[in-house]
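# Chains, contacts and geometry: an overview
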Amino acid sequence: MKILVTGATGFVGRNVVGQLLQRGVRVRGLTRDPASAGLPEAAEVVRGDLTRPDTLAGAFEGVDRLYLFPVEETAGEVVAMAKRAGVTRIVDLSAASVTVGLHTNPVEQVVEESGLEWTHLRPGGFMANMLQIWAPSVRAERVVRYPFGDEPQNLIHEGDIAAVAVTALLEDGHHGAAYTLTGPATITTREQVRAIGAALEEEVRYEEVTREQARELMKTQGGFAAEAADLMLGFADYGGEEASGEGGYSDQDWSALDKPWPDVERVLGRPARTYAEWARDHAADFR
């Protein structure tokens, strides 16, 4: 069996590659830049871009199953290519916002209409989303500046998303399932910062700032922080429209995701990992 992992250098994809290799599966990782991918030597790394299906001609050759990173604009063409090449099972990355009705995901529809075996993964907020935003100031000053200090969130370890993906790719019984994936409990921003400090065995201060101040800091930082600032700070809704919410991720109703959903434990037979575990796993990134 050979599995193609698209988005292989992302938070989840990288973990999918690693966990499949640990299970003794042959893995092909798709990335735009193989030279800088940093994937394990045991993985076959190929160049390709999901936004340009013409670059994927050889990526599906000899592949039985597919982990699909969602690119709405080209999903139809990509899935059709996979089917023609003999892929029989697709596990796609979606979002918990689909479960609670905040939006629809056209990629899910394409996958379902393919006639192949399919499983949708719908994770809530990633614990890793704040890594690129907070790590620079933690490394430099041992401080996090952010609003919403006491707002609870239910976040998931990217390794748990990957573990569910690997299970659905390798084991039977998951066809037609849409798994909503969350952590084991809610955690506030202040508690996240304390957990990072505990992982470093040093004090990390939390400084409450306004949404406007945080937006300026994130826009100045550039990269993912700048791109995500408006959505994460409530200046735009999930569809990119202007919003006036006072909480993170706009004023849309995310309350249904505050509770822990049972799907991680149902699939893996163990509870989802805690934020403290995630912080310890990423201590070097903050140090």
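Here the structure is shown first, and the text comes after it.
A brief report on the enclosed structure follows. Bear in mind that the values here come from a model prediction, so they are computed numbers and not experimental data. Sequence positions are assigned chain by chain, starting from 1 and proceeding in written order. pLDDT decides what is reported in this predicted model: residues at 70 or higher carry local features, side-chain atom pairs at 80 or more are listed and counted, and totals for whole chains, interfaces and linings draw on all residues regardless. No hydrogens and no water enter the side-chain calculation; it runs on all heavy atoms of the structure.

With that settled, the discussion passes to the overall build of the chain. Numbering of helices and strands runs from the N terminus, with a helix taken as a DSSP run of H or I at least four residues long and a strand as a DSSP run of E at least two residues long. Looking only at helices and strands, the chain features 12 helices and 12 strands. The reference for a compact globule is 2.2 Å times residues^0.38; the radius of gyration itself is calculated from the C-alpha atoms. A globule of 287 residues ought to have a C-alpha radius of gyration of about 19 Å, and the chain, at 19 Å, matches this closely. With respect to the three principal axes, the spread of C-alpha positions in the chain is 55 × 40 × 35 Å. The buried label applies to any residue whose accessible area, calculated with a 1.4 Å probe on protein chains only, is under 20% of its type's maximum; exposed applies above 50%, and partly exposed to all values in between. Counting across all 287 residues of the chain, residues that qualify as buried make up 52%. Relative to all contacts within the chain whose residues are 6 or more apart in sequence, the contacts with residues 24 or more apart total 69%. Note on contacts: a residue pair qualifies if any of its non-hydrogen atoms lie within 4.5 Å across the two residues.

Once that is clear, we can look at the sheet that holds strand S11 (residues 186-187). Criterion used throughout: strands pair if DSSP finds at least two bridges between them. A sheet is described by the order of its strands in space; here three strands give the open sequence S7-S9-S11, paired in mixed fashion. On the outer flanks of this sheet lie strand S7 (125-126) and S11, each paired with one strand and no other. Bridge analysis of strand S9 (residues 153-156) against S11 gives two bridges, and the strand direction is antiparallel. Paired with Asn154 across the strands is Thr186, a residue of S11.

Moving on, we get to the pattern of salt bridges. Salt bridges are counted wherever a side-chain nitrogen of Lys or Arg sits within 4 Å of a carboxyl oxygen of Asp or Glu. This model, assessed by the stated rule, comprises 19 salt bridges. Where Glu44 meets Arg28, a salt bridge forms, and the shortest distance between an N and an O atom there is 3.2 Å. Here Glu44 is found in strand S3 (residues 44-47), whereas its partner Arg28 is found in strand S2 (residues 26-31), with 16 residues between them in sequence. Since its relative accessible area comes to 6%, Arg28 is described here as buried. With a shortest N-O distance of 2.8 Å, Arg215 and Asp230 are connected by a salt bridge. Of this pair, Arg215 sits in helix H8 (residues 211-221) while Asp230 sits in helix H9 (residues 223-232), and the two are 15 residues apart along the sequence. Overall, the relative accessible area of 29% leaves Arg215 in the partly exposed class. Because the salt bridges share partners, they merge into one network encompassing Glu141, Arg145, Arg205 and Glu207.

As a further point, take unusual backbone geometry. Backbone geometry places Arg142, a non-glycine residue, at a positive phi of 55°. Look at Arg142 and you get buried, because its relative accessible area is 16%.

Take the nonpolar core next. Nonpolar side chains tend toward joint burial in soluble globular proteins. Only buried residues count toward a nonpolar core, which is a set of Ala, Val, Leu, Ile, Met, Phe, Trp, Tyr and Cys residues joined through side-chain atoms within 4.5 Å. Counting 34 residues, the largest nonpolar core has Trp134, Tyr146, Ile196, Tyr275 and Phe286 as the members making the most contacts within it. At the level of secondary structure, the elements contributing two or more residues to this core comprise helix H5 (131-141), strand S8 (143-146), helix H7 (189-200), H8, H9, helix H11 (275-281) and helix H12 (283-286). In this structure, Trp134 is in contact with Val144, Tyr146, Thr189, Gln192, Val193, Ile196, Tyr275 and Phe286, ignoring residues within four places of it in sequence. In terms of nonpolar packing, the next biggest core, distinct from the first, is built from 32 residues, Ala165, Ala177, Val264 and Val267 among them.

A word on the side chain of Lys2. Mapping Lys2 onto the fold places it in strand S1 (residues 2-5). On the basis of relative accessible area, Lys2 is assigned to the buried category, the value being 12%.

Strand order across the open sheet formed by seven strands is S3-S2-S1-S4-S5-S6-S10, with parallel pairing between neighbours. Both edges of this open sheet fall to S3 and strand S10 (177-181), since each of them pairs with a single strand only. The sheet shows a mean angle of 20° between the axes of neighbouring strands, direction not considered. Taken together, the four bridges between S2 and S3 define a ladder with parallel strand orientation. Within S3, the residue paired with Arg28 across the bridge is Glu44. The axes are straight lines fitted to the C-alpha atoms, using for helices just the contacting stretch, and the angles between their N-to-C directions are given from 0 to 180°. The strands that helix H6 (residues 158-170) touches are S1, strand S4 (65-68), strand S5 (89-93), strand S6 (117-123) and S10; relative to S5, the one it contacts most, it runs at about 165°.

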